[in-house]
Amino acid sequence: MNTELLARADGLRAERVPFVLATVVRAERPTSARPGDRAIVLADGTVEGFVGGACVSTTLRAQSAELLAGAPGGTTLLRIAPGPAAGLSPGPAAPAAPGTVIVDNPCLSGGTLELFLEAVMPSTLVHVFGETPIARALAAVGEAAGYEIRRTTDPAAPVPAGAAAVVVASHGHDEQPVLRAALAAKVPYVALVASPKRGAAVLAELGEGSEAVKTPAGLDIGARAPGEVAISILAELIARGVPAAPAGAPPETAVDPVCGMTVTIGPDTLRAEHAGRDWYFCAAGCRRAFLAEPARYGG
């Protein structure tokens, strides 16, 4: 199971799909999960693998959504314990320590789980156009810094989906079509390597939307050599906080009318239709209880 799941994780990385890798690090009976069990959680709440039953998955989805919405590379130690006494509100308690979250889950039949959650985000994708020393230096320095650099000399090459930056470093060759394509794709950072005078002339010819193009590319740090210019461009990406990938909309949530848990609405979320609306549940037991007495739970 873990071998297949890790292969799936490698595939998601290659496809630049963000996900959370959850690993059971501690389990107390009668939980069904065991240390070493793993699961992948996608941004839409889909869970692949196994780290516990439906009640655990509900909490896992909610915490994973928060992790994916936070800083890249974030981690959380999630402790899920049986819920408090009836009448008290379920949900997260104050973190026991930095990076640790304790959640009281009223649906658990017993036992406690500790999961290590790691957000796996795609590297920042930079599309570089040109066959110049600066273009080559940007590819080398960027890859060493952990960026995904895709360099091309074809002005007709499409801007990669999810590109965070397009840098044109062709020294006057075929600049206009590449800049227009980058602007049309609404790439967050579009830059032209050129002197201030030549850059202004290129932007004047470019016309509408040219104000979004940064030229000269990079921060003014007195860079001269190709490697220094490459560093100045990467420094500007960092200073601007250019994201690794466009942030997707967070998944919708609903409150389980039976137990009060917050439920992330995803493809496999339990639901029922009653009184002209959809109701969502953390587990089959809550769904059965609701369908047996909907009026008791506000239905």
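Residues numbered from 1 in each chain as written. Predicted model: local features only at pLDDT ≥ 70, side-chain atom pairs only at ≥ 80, totals over all residues. Heavy atoms only, no water.

Focus: unusual backbone geometry
Point 1. That bond from Arg-29 to Pro-30 is cis: its omega, 10°, falls within 30 degrees of zero.
Point 2. For Pro-30, the position within the fold is in the loop between strand 1 (19-27) and strand 2 (38-42).
Point 3. In this chain, Thr-215 is followed by Pro-216 through a cis amide linkage whose omega measures -5°.
Point 4. By the element assignment, Pro-216 lies in the loop between strand 12 (213-214) and helix 6 (226-240). (Helix = DSSP H or I, 4+ residues; strand = E, 2+ residues; numbered from the N terminus.)

Re the pattern of salt bridges
Point 1. Here the structure, examined in full by the defined rule, presents 13 salt bridges.
Point 2. For the salt bridge of Glu-114 with Arg-79, the shortest nitrogen-to-oxygen distance reads 3.4 Å. Here Glu-114 is found in strand 7 (residues 113-120), whereas its partner Arg-79 is found in strand 4 (residues 75-82), with 35 residues between them in sequence.
Point 3. Note that Arg-240 is salt-bridged to Glu-236, the shortest N-O span being 3.8 Å. You can see Arg-240 and its partner Glu-236 sitting in helix 6, four residues apart, about one turn around the helix. (Salt bridge = Lys/Arg side-chain N within 4 Å of Asp/Glu carboxyl O.)

Quick notes on the sheet that holds strand 10 (residues 165-168)
Point 1. Judged by pairing direction, the sheet is parallel, and its five strands sit side by side in the order 9-8-10-11-12 without closing on themselves. Of all the strands in the sheet, the pair left with one neighbour each is strand 9 (148-152) and strand 12.
Point 2. Contacting strand 8 (125-129), strand 9 and strand 10, helix 3 (residues 133-144) crosses the sheet at an angle of about 160° to strand 9. (Pairing = 2+ DSSP bridges. Contact = heavy atoms within 4.5 Å. Axes fitted to C-alpha atoms, helices over the stretch in contact; angles between N-to-C directions.)

Quick word on the environment of Ala-254
Point 1. Topologically, Ala-254 is positioned in strand 13 (residues 253-255).
Point 2. Overall, the relative accessible area of 17% leaves Ala-254 in the buried class.
Point 3. For the pair Ala-254 and Tyr-147, spaced 107 residues apart in sequence, the C-alpha to C-alpha distance is 37 Å.
Point 4. Aside from chain neighbours lying at most four places away, what touches Ala-254 is Met-261, Thr-262, Val-263, Ile-265 and Tyr-280. (Buried < 20%, exposed > 50% of the residue type's maximum accessible area, 1.4 Å probe, protein only.)

A look at the pairing of strand 2
Point 1. Counting buried residues along strand 2, four of its five residues qualify, which places the element largely inside the surrounding structure.
Point 2. Judged from the five bridges that link them, strand 1 and strand 2 form a sheet pairing that is antiparallel. Bridge pairing links Phe-19 to Leu-42 in strand 2.
Point 3. In textbook terms, the turn of a hairpin is the stretch between consecutive antiparallel strands, and for strand 2 and strand 3 (residues 47-49) this stretch comprises four residues, one of which, Gly-45, has a positive phi near 95°.

Describing the environment of Asn-2
Point 1. Structurally, Asn-2 is set in helix 1 (residues 2-14).
Point 2. The partly exposed category is assigned to Asn-2, whose relative accessible area is 28%.
Point 3. Taking the C-alpha atoms as reference points, Asn-2 and Asp-37, 35 residues apart in sequence, are found 7.3 Å from one another.
Point 4. Contacts of Asn-2, omitting those with residues within four sequence positions, involve Gly-36, Asp-37 and Arg-38.

Examining a nonpolar patch on the surface
Point 1. Among the surface-exposed residues, Leu-219, Ile-221 and Ile-231 lie close enough to one another that they form a single nonpolar patch of about 260 Å² accessible area.
Point 2. Structurally, Ile-221 can be placed in the loop between strand 12 and helix 6. (Patch = residues over 30% accessible without salt bridge, like charges linked within 9 Å, V, L, I, M, F, W, Y side chains within 5 Å. Areas by Shrake-Rupley, 256 points an atom, 1.4 Å probe, with all protein chains shown as cover.)

Observations regarding the layout of surface pockets
Point 1. Space inside the second largest pocket adds up to approximately 270 Å³.
Point 2. Taken together, 18 residues make up the lining of the second largest pocket; nearest its centre are Ala-194, Pro-216, Ala-217, Ala-223 and Val-229.
Point 3. The residue makeup of the lining of the second largest pocket, split by class, is nine nonpolar, five polar and four charged. (1 Å grid on protein atoms, 1.4 Å probe; cavity = no way out; pocket = protein on both sides within 12 Å on 5 of 7 lines; lining within 4 Å. Points joined across faces, edges and corners; volume = space filled by probe spheres on them. Nonpolar A, V, L, I, M, F, W, Y, C, P; charged D, E, K, R; others polar.)

A look at the side chain of Ser-64
Point 1. Turning to its location among the elements, Ser-64 is positioned in helix 2 (residues 54-69).
Point 2. Owing to a relative accessible area of 1%, Ser-64 belongs among the buried residues under this scheme.
Point 3. Aside from chain neighbours lying at most four places away, what touches Ser-64 is Val-20, Val-41 and Leu-117.

Re the packing of helix 3 against helix 6
Point 1. Running from N to C, helix 3 and helix 6 point in directions that differ by 60°, and their axes come no closer than 8 Å. Regarding the angle of helix 3 to helix 6, the classification is oblique. Where helix 3 crosses over helix 6, the handedness of that crossing is right-handed. Touching Pro-133, Ile-134, Ala-137, Leu-138, Val-141 and Gly-142 of helix 3 are Pro-226, Gly-227, Val-229, Ala-230, Ile-231, Ile-233 and Leu-234, all from helix 6.
Point 2. In the contact of helix 3 with helix 6, the residues fall into eleven nonpolar, two polar and no charged. (Parallel < 35°, antiparallel > 145°, perpendicular 65-115°, else oblique. Left-handed = near helix turned anticlockwise from the far one by under 90°.)

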